[in-house]
Structure formats: C-alpha cells, structure tokens
Amino acid sequence: MQKTNLFLFPTLVKVIDDFLNDEELKELKDKCEKVNKEYTRHFEGDGKTSHDILENLVTSEKINNELNDYIKEYGGVFYSDDYQSWSNVQNKGSSLNAHTHPNSTVSFVLYINVDGGVLTFRNPNPYVHYTTNKDPENSSEFLFSTYSFDCINKRMIIFPSWLEHWAYSNCDNRIVISGNKN
Ligand SMILES: [Fe+2]
C-alpha cells in the first residue's frame, strides 16, 4: 500500500505576534494619526485612509527585511525589494468591505490600535458551499468557507493578495497598517 497526501492549491497565511516593540508601535501610531485623507470606496462609515498617498507609510528596514524573508516561502518572483504601505483609521461602526489587493502578490496587515474584532478571509473556492458540514468548530482548514483571525495590537498577518477579506471597527480610533508587495 502506498499513501500520498497532496496539498493542492494551498493558501498560506502567516500570523506573527509581537512584531513591533512598544517604541515602534508608538512611532507608527503617531504617523497614522497625522494622516487625514478622504474616505476611500472601501469604507462604509467613519474611516480614513492614506491608501492614495504614494509615499510609503512604513519605512522600517526591519519590516522590509522580515517581509522579504516571509514571502520567500510563497515562492514566485518579486519585481521589487520594496513594498507599498498605508494606514486605515476607523471609528466605531465603520466597515472595510470585502476586497482583494490588485496588482500585488503578497499583502500584510499590522495592528496598531485595535480593541478586539476579527479579520475574516473567504475561501476562494466557488464550490466550497457544497460542503455539508457548516460548523467551523468541527471542520478543518480543507473545508472552511471563511476563517477569522483575532485583531491584536502588534500582530502582523501576511496573506496572498488575491485572498478576499474584510473587517469591521468595533471601537473608535481603530488603526491598522496595510501593505502590498509585488
Ligand atoms: Fe485589505
């Protein structure tokens, strides 16, 4: 007998806790709070973003180096050593609707000032709804239709840019930094 497990079409999501130290967290929080741009179409409710500013919000060599190390595990070819990053500042009730990150390969979120809440990803398989077991508690990563991660300050989550996701703000001055690497 020969048994083979082949993980076809896998989706790699990385979660790195305590990515920042206290000083780095404060520095980035101050930067984000200075951003005061108009709402983007991604938001509903009271939220602001620096997404349309071409200048990179994060200039940390540490983040760049660590991202470059992490994305090596995604394979593929990247066209630049740099990445783009921006801040989202949301107040209570604001939502960031389901979206992907076009023109990018690997993306990340970094939690700066959150009070609970989750980031939810959708299984991109259009046939996943055929799965009869809808109970995520008794399912597995091979069958999930969505999966949510807790939003925790200093946590970084890295994911393929095509993976659809969304989040809601359950507090005022919720600050998240996002970025793309292509
Ligand atoms: Fe996003």
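Right above here is the structure, for reference.
Residue numbering note: each chain is counted from 1, following its sequence as written. With the structure being a predicted model, the display of local features is reserved for residues of pLDDT at least 70 and the display and counting of side-chain atom pairs for 80 or more, all residues being used for whole-chain, interface and lining totals.

J.: So what exactly am I meant to see when it comes to the nonpolar core here?
T.: Generally speaking, a soluble globular protein has its nonpolar side chains buried in company with each other. In terms of nonpolar packing, the biggest core is built from 27 residues, with Leu 110, Ile 112 and Val 176 touching the most fellow members. Secondary structure elements follow DSSP: runs of H or I no shorter than four residues count as helices, runs of E no shorter than two count as strands, and numbering proceeds from the N terminus. Secondary structure elements with two or more residues in this core: helix H1 (22-34), helix H2 (61-72), strand S6 (106-113), strand S7 (118-122), strand S9 (156-160) and strand S11 (174-181). No other element matches the six residues that S6 contributes to this core. In contact with Leu 110, other than residues within four places in its own chain, are Phe 19, Met 156, Val 176 and Ile 177. Under the definition applied here, buried Ala, Val, Leu, Ile, Met, Phe, Trp, Tyr and Cys residues are grouped into a nonpolar core through C-beta atoms within 7 Å. Neighbour density around each residue's C-beta defines its exposure: 20 or more other C-beta atoms within 10 Å make it buried, 12 or fewer make it exposed, and counts between make it partly exposed, where C-beta atoms are placed from the backbone. The contact criterion used is a C-beta to C-beta distance within 7 Å, with each C-beta placed from the backbone.

J.: What is the right way to read H2 from this model?
T.: Each α-helix winds once per 3.6 residues, and so residues spaced three or four apart point in a common direction. The end-to-end C-alpha distance of H2 is 17 Å, a good match for the 16 Å that 12 residues give at a rise of 1.5 Å each. When H2 is considered as a whole, its buried residues turn out to be Ile 63, Leu 67 and Ile 71. One face of H2 carries all of its buried residues, which in axial projection span an arc of 55°. Looking at H2, the residues exposed on the side facing more than 90 degrees away from the buried face are Glu 61, Lys 62, Asn 65, Asp 69 and Lys 72. For H2, the secondary structure elements touched by its buried residues are S6 and S11. How far a helix is expected to stretch is found by multiplying one less than its residue total by 1.5 Å. Along the arc lie the directions from the helix axis toward the C-beta atoms.

J.: So what exactly am I meant to see when it comes to the sheet that holds strand S1 (residues 14-16) here?
T.: Note: strands within a sheet are paired through backbone hydrogen bonds, in either parallel or antiparallel orientation. Taken together, the six strands give an open sheet; going across it, the order is S1-S9-S6-S11-S4-S3, and neighbouring strands pair in antiparallel fashion. Lying at the two open borders of the sheet, with one neighbouring strand each, are S1 and strand S3 (47-49). Direction aside, neighbouring strands of the sheet carry axes that sit 20° apart on average. As paired elements, S6 and S11 share seven bridges and run antiparallel to each other. Should DSSP find at least two bridges between two strands, the strands are regarded as paired. Between N-to-C directions, angles span 0 to 180 degrees; the directions come from axes that are lines fitted to C-alpha atoms, helices contributing only their stretch in contact.

J.: What's the story with the environment of Phe 159 in this structure? I'm lost.
T.: Mapping Phe 159 onto the fold places it in strand S9. Taking the C-alpha atoms as reference points, Phe 159 and Val 109, separated by 50 residues in sequence, lie 8.8 Å from one another. In this view, Phe 159 contacts Val 13, Ser 107 and Phe 121; residues no more than four positions away in its chain are not counted.

J.: Got a minute to help me understand the sheet that holds strand S8 (residues 146-150) in this structure?
T.: Read across the open sheet, the five strands follow the order S2-S5-S10-S7-S8; overall the sheet is antiparallel. Only two strands of the sheet have a single neighbouring strand rather than two, namely strand S2 (43-44) and S8.

J.: Quick question: what am I supposed to make of the pairing of strand S4 (residues 84-90) here?
T.: Side chains on a regular strand alternate between the two faces of the sheet. Most of S4 is tucked away: seven of the seven residues are buried. Neither face of S4 is exposed, since Gln 84, Trp 86, Asn 88 and Gln 90 on one face and Ser 85, Ser 87 and Val 89 on the opposite face are all buried. When S3 meets S4, the two strands line up antiparallel, connected through three bridges. Note that in S4 the partner of Lys 48 across the bridge is Val 89. Relative to S11, S4 runs antiparallel, the two sharing seven bridges.

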